[in-house]
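# Survey of secondary and tertiary structure
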Amino acid sequence: MRKLAVILPFLLSLTVLAQERDLRIGIMRQRTISSLLVMSSRGNCTVYADGVRQGEIPLNDGLRIEATGRGLTAKSLKLNIAAKKRIEVVPRMAHSGVRLSLLGTKYPERSYPGAVEVQVSGGKLQLTNTAPLEAYTAGVVQAEAGKEHHAEYYKLQSVSCRTYALCNQRKHAGEGFALCDAVHCQVFHGICKQDSILQAVEATKGMVMVDPDIKMIHALFHSNCGGETVNAEDLWSKQEPYLRSTPDAYCLAAPHATWKKTLSKAEWLGYLERKFKVKDPAKQKALLNYEPMCRDLYLGNTFPHIPLKAVREDLKLNSTWFKISTTGDKVLLEGRGYGHGVGLCQEGSMRMAREGMNYLDILHHYYKDVHLMDVSSLEFFREEEPMPAIAGPSRK
Ligand SMILES: [Zn+2]
Ligand SMILES: [Zn+2]
């Protein structure tokens, strides 16, 4: 056990370091971009071409970047630059950022925190935003959680999105950035402008969730669990002690608590026969009227097993939890919940927050035996297994 007197100075210095942590986010990668206007959102920006400083663009100027056959060109009122591989625009002031406008499109201008790097590949521009962790977290909470929620809900979303980002920062390592800005990672449309979210991010600054071994957790969440969350091993094959099934009465009256889908008898039985070889009339009959006693993994008591995960995917159902009834030629599936059901139930936690529970109690309800920890302290306690370094242009 380390002595507190030794630990404290370390923690303090690491906390200072943590304030400068940046994440490289691949932005707008699904779009084909050949021309782009970059402007500063506050103060001057320094421009680099292939790592060499070229000059500055002031607040009232813009840098027009285009892909050419040989690389990139960039022009402003004063600068006229060519680069082989990349152009970086780095704000000089702290807490500043860039505004990006895709020329020749109706795509609205977006503001991003921190610097932007523009690379060229196959004649197309590829953008990477080097975003400070906290500004990134706020942007994700704004895009993922939506408006008009309780402060405690925004706090738990801040912790959850921050934990996810740091836990998954190797997801796009092969492509030269940490996370993308789409649902594949976490949706991120740039700077958050909502005060209530910014306050929640500040109130939980640097905080991530860890398990009893002080490892960051997979902070999974879903829209509505339907009344009971799912064990991790029922979704993946891997068990996680903090992702355990738990009852949840708070989401039962929420918008995504129930769902219905109607199919014809021929569609339903045809699907079961094609995919799972259910041909026996007695088995088919059993699957026309069926009600699970609890959340199941397999449909009915048939053999071979029919995994509900596959049925959900194939028929695009909101969840794997549903009962079946048949009237005439119509098969009615009546389901509960929306999403995979593992981890935090968003609609349940929204109601808990509205009813006065604080964000820590809500997180502990959905994630078993987890602790909150400042990410800088986490690195110190895990020095035998350090977190991967985050690449990014040094802030000037
Ligand atoms: Zn991704
Ligand atoms: Zn729920």
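Everything here concerns the structure above.
Everything in this summary refers to the structure shown in the same document. A quick note: this is a predicted structure, and the numbers were derived from the prediction, not measured.

Ideal geometry at a metal gives 109.5 degrees between four tetrahedral donors and either 90 or 180 degrees between six octahedral ones. At this site the zinc ion (ligand 1) is bound by His-172 (NE2), Cys-180 (SG), His-184 (ND1) and Cys-185 (SG), with donor distances of 2.0 to 2.4 Å. Between the four donor atoms coordinating the zinc ion (ligand 1), the angles at the centre fall across 100 to 120°, so the site counts as tetrahedral.

Across the sheet, which stays open at both edges, the seven strands sit in the order 4-3-8-11-12-1-13 with mixed pairing between neighbours. In this open sheet, the two edge strands, each paired with only one partner strand, are strand 4 (52–57) and strand 13 (179–180). Across two bridges, the pairing between strand 1 (residues 22–27) and strand 13 is parallel. Directly across from Gly-26, in strand 13, lies its bridge partner Cys-180. Relative to strand 12 (residues 124–132), helix 2 (residues 133–145) is tilted by about 110°, and along the sheet it contacts strand 1, strand 12 and strand 13.

The next thing to look at is the packing of helix 3 (residues 151–167) against helix 10 (residues 359–366). Contact geometry for helix 3 and helix 10: axes closest at 8 Å, N-to-C directions at 55°. As far as their axial angle goes, helix 10 and helix 3 are oblique. Here helix 3 and helix 10 pass one another in a crossing that is right-handed. Across the interface between the two elements, Glu-152, Lys-155, Leu-156 and Val-159 of helix 3 pack against Tyr-359, Ile-362 and Leu-363 of helix 10. A breakdown of the residues in the contact of helix 3 with helix 10 according to their chemical character gives five nonpolar, no polar and two charged.

Here is what the cut-offs are and how they apply
- Residues numbered from 1 in each chain as written.
- Chains lettered and ligands numbered in written order.
- Predicted model: local features only at pLDDT ≥ 70, side-chain atom pairs only at ≥ 80, totals over all residues.
- Heavy atoms only, no water.
- Donors = N, O, S within 2.8 Å, 3.2 Å for Na, K, Ca; no water.
- Tetrahedral: all angles 85-135°; square planar, octahedral: opposite > 155°, others 65-115°.
- Pairing = 2+ DSSP bridges.
- Helix = DSSP H or I, 4+ residues; strand = E, 2+ residues; numbered from the N terminus.
- Contact = heavy atoms within 4.5 Å.
- Axes fitted to C-alpha atoms, helices over the stretch in contact; angles between N-to-C directions.
- Parallel < 35°, antiparallel > 145°, perpendicular 65-115°, else oblique.
- Left-handed = near helix turned anticlockwise from the far one by under 90°.
- Nonpolar A, V, L, I, M, F, W, Y, C, P; charged D, E, K, R; others polar.

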